[in-house]
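Structure at a glance
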Amino acid sequence: GQSLEQPSEVTAVEGAIVQMNCTYQTSGFYGLSWYQQHDGGAPTFLSYNALDGLEETGRFSSFLSRSDSYGYLLLQELQMKDSASYFCALDTGRRALTFGSGTRLQVQP
Amino acid sequence: GAVVSQHPSRVICKSGTSVKIECRSLDFQATTMFWYRQFPKKSLMLMATSNEGSKATYEQGVEKDKFLINHASLTLSTLTVTSAHPEDSSFYICSAPDPGQTYGYTFGSGTRLTVV
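The model shown is predicted, which means the values in this text are computed figures rather than measured ones.

This next bit is on the overall build of chain B. Within chain B one finds 0 helices and 11 strands. Over its C-alpha trace chain B gives a radius of gyration of 13 Å, about what one expects of a compact globule, namely 13 Å for 116 residues. Reported as C-alpha extents along the three principal axes, the dimensions of chain B are approximately 40 × 30 × 25 Å. In chain B, buried positions account for 51% of the 116 residues. At a minimum sequence separation of 6, the contacts of chain B that also span at least 24 residues come to 53%. Accessible surface for chain B amounts to roughly 5800 Å². Of this, 51% is attributable to carbon and sulfur atoms. Within chain B, one finds 11 positive and 9 negative side-chain charges whose respective centroids are separated by 8 Å.

Now the structure itself:
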């Protein structure tokens, strides 16, 4: 099976940069996704890494290292609206995602 | 982007009754939809994969007779929680591959089920 671990909570201040890590165990996968979920809301797609390295989308960047079974999501210029839960998820080719435990980001003024 | 409409957003039902949750793909056809369950402050756990025109595929440990899934058309998948019990209270979310994204999925807004 697959498993993904994420820190449960991270706190940062407005305007800062925050990195949220994800370590995983799997026998094989196609890529690592990142989703944002506000309380009571639907997850929204942020980023996908099929290959090792950094993918940048605006204020969001995601990184993958297959050799280290590790990835992270980087948020720059933090805004209050970024307070949410962030999930990493493995794409194993089954077309459904296996989600990590999620990191709850609290942005403070 | 592609939109999946999920209804109802909240439902309260009595123990022993059944509840139906609908997910519709509004501007695209979804041959496959996924149903997840999420407990407070926890991750999304895949319950089953819904396939248009064929039987759903359930994850290990999910009772197929309790969580009935029907994918009657290319735009509609339903999840019926039968003989609901308080332990079925949870947040249920459907999802489908987003045709506008190479790798992304689009999610419904979720249904908060409370069984009393």
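Moving on from the model shown.
What follows concerns the interface of chain B and chain A. Each partner contributes to the interface: chain B provides 19 residues, whereas chain A provides 17 residues. The interface formed by chain B and chain A contains 0 salt bridges. Taken together, chain B and chain A are joined by 4 residue pairs in polar contact (both at pLDDT 80 or more). Looking at the side of chain B that touches chain A, the elements with two or more residues in it are β4 (32–38), β5 (44–51), β9 (90–97) and β10 (105–107) of chain B. Looking at the side of chain B that touches chain A, its residues break down into 10 nonpolar, 7 polar and 2 charged.

A few words on the pairing of strand β5 (residues 44–49) of chain A. All names here are of chain A. Bridging between strand β4 (residues 31–37) and β5 involves 5 bridges; their strand directions are antiparallel. Opposite Leu-32, over in β5, you have Asn-49 as the bridge partner. Following β4, the chain reverses through 6 residues before pairing antiparallel with β5; Gly-40 in that reversal takes a positive phi of roughly 75 degrees.

What follows deals with the sheet that holds strand β1 (residues 3–5) of chain A. Residues and elements named next belong to chain A. Reading across from one edge, β1-β3-β8-β7-β6 is the order of the 5 strands in this open sheet, with antiparallel pairing throughout. Of all the strands in the sheet, the pair left with one neighbour each is β1 and β6 (53–57). The average angle at which neighbouring strand axes cross in this sheet is 20 degrees, direction not considered.

With that out of the way, let us pick up the pairing of β4 of chain A. Residue and element names in this part refer to chain A. Here β4 lies mainly inside the structure; 7 of its 7 residues are buried. What you see with β4 is no split at all: Gly-31, Ser-33, Tyr-35 and Gln-37 on one side and Leu-32, Trp-34 and Gln-36 on the other are buried throughout. With 7 bridges joining them, β4 and strand β9 (residues 84–91) adopt antiparallel strand pairing. In the sheet register, Gln-36 faces β9, and the bridge partner there is Tyr-86.

On the secondary structure map, Gln-37 of chain A appears in strand β4. Engagement of the side chain of Gln-37 of chain A in a polar contact is seen with the backbone oxygen of Gly-41 of chain A, the distance being 2.9 Å. Of note is the side chain of Gln-37 of chain A, whose polar atom sits 2.9 Å from the side chain of Gln-38 of chain B. Beyond its immediate chain neighbours, meaning those up to four positions away, Gln-37 of chain A contacts Ala-42, Pro-43, Ala-84, Ser-85 and Phe-87 of chain A together with Gln-38, Leu-44, Phe-91 and Ile-93 of chain B.

Membership of the largest hydrophobic core comes to 26 residues, with the highest contact counts inside it found for Trp-35, Tyr-58, Phe-67, Ile-69, Leu-79, Tyr-92 and Leu-113 of chain B. Not counting chain neighbours up to four residues away, the residues in contact with Phe-67 of chain B comprise Arg-37, Met-47, Tyr-58, Val-62, Leu-79, Thr-80, Val-81, Asp-88 and Tyr-92 of chain B. Counting residues in each nonpolar core, the second largest holds 22 residues, with Val-10, Ala-12, Leu-32 and Leu-46 of chain A among its members.

The rules behind the values
- Residues numbered from 1 in each chain as written.
- Chains lettered and ligands numbered in written order.
- Predicted model: local features only at pLDDT ≥ 70, side-chain atom pairs only at ≥ 80, totals over all residues.
- Heavy atoms only, no water.
- Helix = DSSP H or I, 4+ residues; strand = E, 2+ residues; numbered from the N terminus.
- Rg over C-alpha atoms; globule rule 2.2 N^0.38 Å.
- Buried < 20%, exposed > 50% of the residue type's maximum accessible area, 1.4 Å probe, protein only.
- Contact = heavy atoms within 4.5 Å.
- Areas by Shrake-Rupley, 256 points an atom, 1.4 Å probe, with all protein chains shown as cover.
- Lys, Arg positive; Asp, Glu negative; His and termini not counted.
- Charge placed at Lys NZ, Arg CZ, Asp CG, Glu CD.
- Salt bridge = Lys/Arg side-chain N within 4 Å of Asp/Glu carboxyl O.
- Polar contact = N/O pair within 3.5 Å; in protein donor to acceptor, adjacent residues only side chain to side chain.
- Nonpolar A, V, L, I, M, F, W, Y, C, P; charged D, E, K, R; others polar.
- Pairing = 2+ DSSP bridges.
- Axes fitted to C-alpha atoms, helices over the stretch in contact; angles between N-to-C directions.
- Core = buried A, V, L, I, M, F, W, Y, C linked by side-chain atoms within 4.5 Å.

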